[in-house]
Amino acid sequence: MQLEFYYINFSHNLIKGKIPYSIGRLESMKRLDLSCNNMDSELPLSLANASSLESLKLQKNHFTRKIPNGFLMFRNLKELDLSDNSIDGEIPHGKPLVDFPRASYSGNKGLCGIPLELCRP
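Being a predicted model, the structure only gives us computed values, none of them experimental.

J.: Break down the environment of Phe100 for me, with residues and values.
T.: Tracing the chain through its elements places Phe100 in the loop between β8 (86–90) and β9 (110–112). Phe100 sits 88 residues away from His12 along the chain, and the two C-alpha atoms are 24 Å apart. Sequence-distant contacts of Phe100, defined by excluding residues within four places in its chain, comprise Leu77, Lys78, Glu79, Leu80, Tyr105 and Pro115.

J.: Before we move on, could you go through unusual backbone geometry and cite the residues and values that matter?
T.: Note on backbone geometry: most residues besides glycine have negative phi, and most peptide bonds are trans. Here the amide bond leading from Lys95 into Pro96 is cis, since omega sits at 5°, within 30 degrees of zero. Among the secondary structure elements, Pro96 is positioned in the loop between β8 and β9. In this structure, the amide linkage connecting Ile114 to the following residue, Pro115, adopts the cis form with an omega of 10°. Counting through the fold element by element, Pro115 comes out in the segment after β9. Backbone geometry at Arg65 places phi at a positive 70°, although glycine is not the residue there. On the secondary structure map, Arg65 appears in strand β6 (residues 64–65).

J.: So, the state of the cysteines: which residues are in play, and what are the values?
T.: All told, the structure shown has one disulfide when counted by the stated rule. A disulfide bridge connects Cys112 with Cys119, and the sulfur atoms are separated by 1.9 Å. For the disulfide bridge between Cys112 and Cys119, the dihedral angle about the S-S bond is near 100°, and by the sign convention the bridge is right-handed. Cys112 gets classed as buried once you look at its relative accessible area, which sits at 16%.

Each value, and the rule that gives it
- Residue positions are given per chain, counted from 1 along the sequence in the order it is written.
- Only residues with pLDDT of at least 70 are given local features in this predicted model, and only at 80 or more are side-chain atom pairs given and counted; all residues enter the totals for whole chains, interfaces and linings.
- Values reported for side chains reflect all heavy atoms of the structure, with hydrogen atoms and water molecules removed beforehand.
- Numbering goes from the N terminus for both helices and strands, where a helix is a DSSP run of H or I of at least four residues and a strand is a run of E of at least two.
- Residues are treated as being in contact if the distance between any of their heavy atoms lies within 4.5 Å.
- Cysteine sulfur atoms are paired as a disulfide whenever they come within 2.5 Å of each other.
- Each residue is assigned to one of three classes by its accessible area relative to the maximum for its type, calculated with a 1.4 Å probe on protein chains only: buried under 20%, partly exposed between the two thresholds, exposed over 50%.

If you want it as structure tokens, here you go:
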């Protein structure tokens, strides 16, 4: 018997560390909320394997580095919040990432690209 998770909400739990690589195996997951914790790793590319995601809330953590290009595979994503982290680099150009408002990415000082300011060469 295989368990299927559709909604995981671990927000406001003071969770430290990183998102486990295995989270990408939850292919049927629709909503993931890990907001308002103390997670401090880079965003895992394996998360892109959870391609059924409709809502991804990772705001108010300490995530670092770039948004993986694999996040362009989130074809069903309707809600995204990566605000108030330490993410930098250019937002991967393409749908659905360019369709989210600036607020989805705000508070990441080194982040640039549509819908934020263009990156400087």
